[in-house]
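The lines below spell out each chain.
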Amino acid sequence: KRKINFWMKNVSKKMEITVSEAEKRTGRNAMNMQETYTAYLIETRAVESQNEGQCSPVDSLWRRYSEFELLRNYLLVTYPHIVVPPLPEKRADFVWHKLSADNMDPDFVERRRIGLENFLLRVASHPVLCQDKIFYSFLTQEGGWKEMVNETGFQLKADSRLKALNATFRVKNPDKRFTELKHYSDELQSVISHLLRVRARVADRLYGVYKVHGNYGRVFSEWSAIEKEMGDGLQSAGHHMDVYAASIDDILEEEEHYADQLKEYLFYAEALRAVCRKHELMQYDLEMAAQDLTSKKQQCEELATGTMRTFSLKGMTSKLFGQETPEQREAKIKILEEQIQEGEEQLKSKNLEGRDFVKSAWADIERFKEQKNRDLKEALISYAVMQISMCKKGIQVWTNAKECFSKM
Amino acid sequence: MEAEGRVPGPPPPPLPPAGGGIGAELPAIPPGAARAPLLGAPAEVLELDDEEDDLEVFSKDTSLAEANSFSPSMTISPSSMINQYKFEDEPELRDLFITVDDPESHITAIETFITYRVITKTSRGEFDSCEYEVRRRYQDFLWLKSKLEEAHPTLIIPPLPEKFIMKGMVERFSDEFIETRRKALHKFLNRIADHPTLTFNEDFKIFLTAQAWELSSHKKQGPGLLSRMGQTVRAVASSVRGGVKNRPEMFTEMNDYMETFSQKINVLDKIAHRIYKEEREYFNEMKEYGPIHTLWSASEEDIADSLKGVASCIDKCCKATEKRMAGLSENLLPILHEYVLYSEILMGVLKRRDHIQSELDSKIDALANKKADKDLFSEEIGKLEDKVECANNALKADWDRWKQNMQCDMRSAFTNMADNNLHYYEECLATWESFLASQTVDCHGEEDSEDRP
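Cut-off values and rules
Residues numbered from 1 in each chain as written. Chains lettered and ligands numbered in written order. Predicted model: local features only at pLDDT ≥ 70, side-chain atom pairs only at ≥ 80, totals over all residues. Heavy atoms only, no water. Helix = DSSP H or I, 4+ residues; strand = E, 2+ residues; numbered from the N terminus. Expected span 1.5 Å × (residues − 1). Buried < 20%, exposed > 50% of the residue type's maximum accessible area, 1.4 Å probe, protein only. 1 Å grid on protein atoms, 1.4 Å probe; cavity = no way out; pocket = protein on both sides within 12 Å on 5 of 7 lines; lining within 4 Å. Points joined across faces, edges and corners; volume = space filled by probe spheres on them. Nonpolar A, V, L, I, M, F, W, Y, C, P; charged D, E, K, R; others polar. Contact = heavy atoms within 4.5 Å. Buried area = accessible area lost by both parts, 1.4 Å probe. Salt bridge = Lys/Arg side-chain N within 4 Å of Asp/Glu carboxyl O. Polar contact = N/O pair within 3.5 Å; in protein donor to acceptor, adjacent residues only side chain to side chain. Pairing = 2+ DSSP bridges. Axes fitted to C-alpha atoms, helices over the stretch in contact; angles between N-to-C directions. Core = buried A, V, L, I, M, F, W, Y, C linked by side-chain atoms within 4.5 Å. Domains from an automatic or database assignment. Parallel < 35°, antiparallel > 145°, perpendicular 65-115°, else oblique. Phe/Tyr/Trp six-rings, centres within 6.5 Å; stacked < 30°, edge-to-face > 60°. Lys NZ or Arg CZ within 6 Å of the ring centre and 35° of its normal.

## Here we look at helix H2 (residues 106-124) of chain A
End to end, H2(A) covers 27 Å across 19 residues, agreeing with the expected 27 Å (1.5 Å per residue, within 8%). Within H2(A), 15 of the 19 residues are buried, leaving the element largely enclosed by the surrounding structure.

Here it is as structure tokens:
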């Protein structure tokens, strides 16, 4: 169980957070139909900074997966420049034959519990996200949290998918770094999901190799009954074959945790893309505003000088059906000048917004890159450690078996 | 007719297996452990499918050029082949060395078949020369086996590789198949050479020394195919009719043993094949697993080296798996298969012994009923009693010899399998340990940055 201490800006104390339990529940959903779901127990404990030994009592509350999702969606909308940590998968994916794809399966629930705890720890250790009040309430306030989140009106602030897609296609001048980052996250997602798929197949096959050896144990035992001299050797060798066959279960369970570590970064790729999308949206917005301003300025100029630089239907019709009166022209120019001034202010603030976004997003991206490199390297090392442990177990079993065989 | 070869007198005492005495120490039995299976985590047992019967058909591929039967150059040194196989006789005591090699295709208008070169080196007096080179086809081996069975119905004749026919498919013999068969034929002849009685069989000598046409003409003599088959058929029939009344206890025990042994060895054969199959599937997946890490490393900077390192480890483990599979198919699988065949052979031998005894028993019964021709019957019965005694003794001695060889073969085959697996894990361990060492060298201990405000 990992515990994490983090500082809260308005609550200056360290806290320990764990997701300690999972429980099956039944209830009624929004359509008043009965449903089964799993609830997770979040435990928090304030730790006095001076004396680590003195701990206050544990506070706890139950949350279900959909509430975690709500929290994350809120964070995504409220902090679009942050690479928001991902949640563990909703449904079991990349399964191999032994793992159940059932959401209620205890192994899946256990791994999800760990994943949810990991999510909370990621958020709590993020310099910006940890200070969010909604997050703090998620951890500490049992009742009324959902209403509190909805009252922030974050759903309204969310960018529509369509708008975002449109911007992605039409944006002319995005920051190159974000374009590169988008490509990187696509590659990362593709390669990790490929890796996880093949790993699952490898695990399946490895399971087969180990388990078939278990048959030796049974047959050796039966055979030993009719042998006088070979019997003892056969019998004891068979025992080691059973041990060998049984050992694969723990080995593969450990590997699942490794797979989960990779999965987290598979899902992080999507979070990276979300930040890139936001940038593209803002950039597109900026470009559109600049374009609009330029065209208004042109219109203004044309009206003022009476020349027609660009083709406009209004210009044509006025040419055909007669010029406007000077008063009308003056009015139009006035309106346009107002709009232009508004537009310039807007453009200025949008520019600033855009530059701020790029700056703070890129800072978080750098932070994320370092975290990713650390975590992935650690994961690869832990994978090597697992392989080494598996090899050592294999050597031990087969050394024992060889000794038994040689005494047959 | 009288079969060729020396009538075996009291058979010579079986020679002890090399490297192990019957007085070898038995492992200490842990207290409390009976013959019942030791308790442990129950292994999940995978279902074993029935293996399909393999069948083969003569190749009709006429694109092969006709080959010359006799090639003067010897590509594989016979002595190196002999050393591959352990036999219980010390090399110095052996005076007959046989190798089977150099398979070649021959095409005629009717069929295509393979011949193998059989080289014999001997210092025995009864051989005119000290070295012989002949070519034999599978049919010739079949002929030899049936002649030996005929001459020595209660001796354990070594197994021949089976005739494989692909159901309905016309298939060329694959190189792998030919090589497996060649090895098995080589073992077959050498086992006969090592057998204290069979080694002096006349048909065996002719097989090793006669030219093709001499062998053909010799084969035509003697009882035909039908009569040869008849003996075993009659034996089976008589056993079906209700067994032997006066079967000595020893042979009943042998029968019971063989029934169980036959069961177990067949299951072991299936298990070993299944393991091979699973290992092959594992190998196939591993081949794809490593390169993904290399692909990933192309989009990374900081962790590119770690990823490439993992890729290289996985590739090395992949190769190690290939070696492990090869070890299985070269050693354990052929031996288990031979003993599957042996179990059938032994059941046949026991039936033939029973049949010989039933001949005696029926004659005795007939004597009890007919008072006439007492003297004639007595003489016949006397001959039959001798025959039964000879058969029993021959079988007893050969059985003991077979059991010792079996123990030796099993011990070496399974020890070899364990060795294979050990080498596999040791190789993989070394690979991953060196990767780990390379990683922890440039990895300085990182404090948990999550603690910082």
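## As for empty space enclosed by the protein
Empty pockets left among the atoms are what a rolling probe the size of a water molecule brings to light. Following the criterion strictly, the structure yields 5 cavities of 30 Å³ or more and no others. As a volume, the largest cavity reaches approximately 150 Å³. Lining the largest cavity we find 18 residues, and of these Tyr383(A), Gln387(A), Met390(A), Tyr282(B) and Met286(B) sit closest to its centre. Counting only elements with at least two residues in the lining of the largest cavity, the list comes to helix H7 (176-224), helix H8 (231-305) and helix H10 (326-406) of chain A together with helix H7 (249-297), helix H8 (304-369) and helix H9 (374-441) of chain B. When the residues that make up the lining of the largest cavity are grouped by side-chain class, the tally is 16 nonpolar, 1 polar and 1 charged.

## Some thoughts on the side chain of Ser137(A)
Take Ser137(A): it is sitting in helix H3 (residues 133-140). Leaving out residues up to four positions away in the same chain, Ser137(A) has contacts with Arg63(A), Trp145(A) and Met148(A).

## A word on the interface of chain B and chain A
In this complex, chain B contributes 74 residues to the contact, which on the side of chain A involves 75 residues. Summed over both sides, the interface between chain B and chain A buries roughly 7,400 Å², with carbon and sulfur atoms accounting for 68% of that surface. Linking chain B with chain A are 8 salt bridges, by the criterion used here. Between Glu278(B) and Arg205(A) there is a salt bridge, with the nearest N and O atoms lying 3.7 Å from each other. Counting across the chain B and chain A interface gives 15 residue pairs in polar contact (both at pLDDT 80 or more). Elements that contribute at least two residues to the side of chain B that touches chain A include exactly H7, H8 and H9 of chain B. Of all the elements, H7(B) adds the most residues to the side of chain B that touches chain A, at 22 residues.

## Points about the environment of Ser56(A)
Residues and elements named next belong to chain A. Structurally, the position occupied by Ser56 is in the loop between strand E2 (34-47) and strand E3 (59-64). Under the relative-accessibility criterion, Ser56 is labelled partly exposed at 27%. For Ser56 and Arg45, which are 11 residues apart along the polypeptide, the C-alpha to C-alpha distance reads 6.4 Å. Apart from residues no more than four positions distant in its own chain, Ser56 is found in contact with Arg45 and Ala46.

## Some points on the sheet that holds strand E1 (residues 96-107) of chain B
Strand pairing in a sheet is mediated by backbone hydrogen bonds. Such pairs are either parallel or antiparallel. All names here are of chain B. The strand order across the open sheet built from 3 strands is E1-E2-E3, with neighbouring strands paired in antiparallel fashion. Pairing within the sheet leaves two strands with one partner each, and these edge strands are E1 and strand E3 (131-137). On average, adjacent strands in this sheet sit at an angle of 20 degrees to one another, irrespective of strand direction. One ladder, built from 10 bridges, connects E1 with strand E2 (residues 112-122); its direction is antiparallel.

## Here we look at unusual backbone geometry
Notably, Asn32(A) is not glycine yet its phi reads approximately 60 degrees, a positive angle. Here Asn32(A) lies in the loop between strand E1 (14-28) and E2. The phi torsion at Asp102(B) lies on the positive side, around 55 degrees, for a residue other than glycine. One can find Asp102(B) in strand E1. Taking relative accessible area as the criterion, Asp102(B) reaches 19% and is therefore assigned buried.

## Remarks on the pattern of salt bridges
Going through the model one piece at a time under the given rule, you end up with 55 salt bridges over all chains. A salt bridge links Lys350(A) to Asp285(A); the shortest N-O distance between them is 3.8 Å. Within this pair, whereas Lys350(A) is found in helix H10, its partner Asp285(A) is found in helix H8, the two being separated by 65 residues in sequence. Among the residues examined, Asp285(A) registers a relative accessible area of 39% and is labelled partly exposed. In this structure, the salt-bridge partner of Arg401(B) is Asp398(B), at a minimum N-O distance of 3.9 Å.

## Remarks on the nonpolar core
By size, the foremost hydrophobic cluster in this structure holds 121 residues, and its most contacted members are Tyr216(A), Phe220(A), Trp223(A), Leu268(B), Trp402(B), Phe414(B) and Trp432(B). Taken together, the elements giving at least two residues each to this core come down to H7, H8 and H10 of chain A together with H7, H8 and H9 of chain B. One finds Ile98(B), Ile114(B), Phe177(B) and Leu189(B) within the second-largest nonpolar core, a separate group that totals 32 residues.

## Points about the domain arrangement of chain B
All names here are of chain B. Taken domain by domain, chain B consists of domain 1 (48-215) and domain 2 (247-447). Taken together, the 23 residues of domain 1 in the interface contact 27 residues of domain 2. On inspection of domain 1 and its partner domain 2, the count reaches 3 salt bridges. Linking Arg191 and Glu338 is a salt bridge whose minimum nitrogen-to-oxygen distance equals 2.8 Å. Counting every contact that joins domain 1 to domain 2 gives 8 residue pairs in polar contact (both at pLDDT 80 or more).

## A word on the packing of helix H6 (residues 161-170) of chain A against H8(A)
Residue and element names in this part refer to chain A. Direction vectors running N to C along H6 and H8 enclose 75 degrees, while the axes themselves pass 8 Å from each other. The pairing of H6 with H8 is recorded here as roughly perpendicular in orientation. Contact with H6, carried on its side by Arg161, Lys163, Ala164, Asn166, Ala167, Thr168 and Arg170, involves Glu270, Arg277, Glu280, Leu281, Tyr284 and Glu287 of H8 and no other residues of that element. When its residues are assigned to classes, the contact of H6 with H8 shows 4 nonpolar, 2 polar and 7 charged.

## With respect to the packing of aromatic side chains
This structure, assessed with the given rule, holds 32 aromatic pairs over all chains. Aromatic side chains Phe68(A) and Phe138(A) sit 5.0 Å apart centroid to centroid with 75 degrees between the ring planes, which places their arrangement in the edge-to-face category. With Phe68(A) in helix H1 (residues 65-78) and Phe138(A) in helix H3, this pair connects stretches of sequence that are 70 residues apart. An identical accessibility class is assigned to Phe68(A) and Phe138(A); each is buried. The ring of Tyr65(A) has Arg112(A) sitting right over it, with the charged end atom 4.1 Å from the ring centre. Residue placement shows Arg181(B) over the ring face of Tyr138(B); its charged tip is 3.9 Å from the ring centre.

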